[in-house]
Amino acid sequence: MEKDATLDAKGLMCPMPIVQLARKIKEMKSGQILELLADDIGAKEDVPAWCSRTGNQLVGQEEDGKTFSFYIKIK
Amino acid sequence: MTDKFCMVVSEGSFDKAMMPLIMGTTGASMGMEVHVFYTFFGLKLLKKGMKPKLPGMMRFFTGMMEKKMSKFKIPGYQEMMEQAKDLGVHFYACSTSMSLMGMKEADLMEGTKVLGASAFLNLAADSKMTLFIG
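Residues numbered from 1 in each chain as written. Chains lettered and ligands numbered in written order. Predicted model: local features only at pLDDT ≥ 70, side-chain atom pairs only at ≥ 80, totals over all residues. Heavy atoms only, no water.

**What about the nonpolar core?**
Step number 1: Ranked by internal contacts, the top residues of the largest apolar core, which has 55 residues, are Leu21 and Trp50 of chain A together with Tyr38, Tyr77 and Phe91 of chain B.
Step number 2: Ranked by the residues each element gives to this core, the list is headed by helix α1 (residues 16-26) of chain A, at six residues.
Step number 3: Core analysis: the second largest hydrophobic core is formed by nine residues, Cys6, Tyr92, Leu115 and Ala124 of chain B among them. (Core = buried A, V, L, I, M, F, W, Y, C linked by side-chain atoms within 4.5 Å. Buried < 20%, exposed > 50% of the residue type's maximum accessible area, 1.4 Å probe, protein only. Helix = DSSP H or I, 4+ residues; strand = E, 2+ residues; numbered from the N terminus.)

Pasting the structure below:
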């Protein structure tokens, strides 16, 4: 999937992937796509919840072994 | 309008110290306005340079727990507190507990505000949820 930036949050546990995600999107522009990589099993539910709460759009989600990839379109 | 999220912390052990910070940083990262009110034994968590320990006999294992957490890159108490403040989480000390515990404003971490119950309840009454941690 096309992306403008990647945030690698592998090896981090809740709440750090979400905290870093919130920081990262502040550096990005509206309409850009951020790829977030995480291997905390909670991220699978946490990232979609964060997206629906903050109004950023989750445009894609993949799972490759233990790694989850999320594609988030910035509000 | 921004969602408000309040917490009351009434215990001062390591686990009770970390929980509101984890919830608070997450809430703030989700765009919520977060308010944490420390009362009774929770108050000491707002002391400058505080290093909370696990409760009871488990206190000897606090270092082990911290080590384990740092493996997963969860920061220590002080660093987590700083991150929470950076994210805009509000911290309040209960004024009555301050008198009871003999704590002065000068003993409190920077960025902490002293409130009475009514000022906190005024915030809580307008919030979407309030959690009690104790």
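**Concerning the pattern of salt bridges**
Step number 1: With the rule as written, the count across this model stands at seven salt bridges over all chains.
Step number 2: We note a salt bridge from Asp8 of chain A to Lys10 of chain A, for which the minimum N-O separation is 3.3 Å.
Step number 3: Of the residues examined, Asp8 of chain A reaches a relative accessible area of 45% and is grouped as partly exposed.
Step number 4: Residue classification places Lys10 of chain A among the partly exposed residues on the basis of a relative accessible area of 35%.
Step number 5: Across the pair Glu82 of chain B and Lys85 of chain B runs a salt bridge, and its minimum N-O distance is 3.5 Å. Placement of both Glu82 of chain B and Lys85 of chain B in helix α3 (residues 77-86) is noted, with a separation of three residues, approximately one turn of the helix.
Step number 6: Sharing partners across several salt bridges, the network here consists of Arg53 of chain A together with Asp3 and Lys128 of chain B. (Salt bridge = Lys/Arg side-chain N within 4 Å of Asp/Glu carboxyl O.)

**Quick notes on the packing of α1 of chain A against helix α1 (residues 14-29) of chain B**
Step number 1: Running from N to C, α1 of chain A and α1 of chain B cross one another at 30 degrees; their axes reach a closest spacing of 9 Å. Considering the angle they form, α1 of chain A stands roughly parallel to α1 of chain B. Classified by chirality, the crossing of α1 of chain B by α1 of chain A is left-handed. Listed contacts from α1 of chain B to Ile18, Val19 and Ala22 of chain A of α1 of chain A are Thr25, Thr26 and Ser29 of chain B. (Axes fitted to C-alpha atoms, helices over the stretch in contact; angles between N-to-C directions. Parallel < 35°, antiparallel > 145°, perpendicular 65-115°, else oblique. Left-handed = near helix turned anticlockwise from the far one by under 90°. Contact = heavy atoms within 4.5 Å.)

**Regarding the state of the cysteines**
All names here are of chain A.
Step number 1: Within this structure, the stated rule accounts for zero disulfides over all chains.
Step number 2: Cys14 takes part in no disulfide bond, and the closest cysteine sulfur to it belongs to Cys51, at a distance of 15 Å.
Step number 3: Look at Cys14 and you get partly exposed, because its relative accessible area is 35%.
Step number 4: Judged by relative accessible area, which is 3%, Cys51 ranks as buried. (Disulfide = S-S within 2.5 Å.)

**What about the pairing of strand β3 (residues 90-94) of chain B?**
All names here are of chain B.
Step number 1: Here β3 lies mainly inside the structure; four of its five residues are buried.
Step number 2: Pairing between strand β2 (residues 33-38) and β3: four bridges, direction parallel. If you follow Tyr38 over to β3, its bridge partner there is Ala93.
Step number 3: Where β3 lies against strand β4 (residues 112-115), four bridges are found, and the strand directions are parallel. Bridge pairing in β4 links Phe91 to Thr112.
Step number 4: The handedness of the β3 to β4 crossover, carried by helix α4 (residues 95-100), is right-handed. (Pairing = 2+ DSSP bridges. Right-handed = clockwise from strand over helix to strand, strands pointing away.)

**What to know about the interface of chain A and chain B**
Step number 1: On the chain B side, the residues contacting the 14 residues of chain A number 16 residues.
Step number 2: Applying the counting rule to chain A against chain B returns one salt bridge.
Step number 3: Its salt-bridge partner being Arg53 of chain A, residue Asp3 of chain B comes within 2.3 Å of it at the nearest N-O pair.
Step number 4: Linking chain A with chain B are two residue pairs in polar contact (both at pLDDT 80 or more), by the criterion used here.
Step number 5: Listing elements by their share of the side of chain A that touches chain B, those giving two or more residues are α1 and α2 (43-54) of chain A.
Step number 6: Broken down by element, the side of chain A that touches chain B gets its largest block of residues, five residues, from α1 of chain A. (Polar contact = N/O pair within 3.5 Å; in protein donor to acceptor, adjacent residues only side chain to side chain.)

Interpretation note: all reported values are geometric properties and have no functional meaning in isolation.
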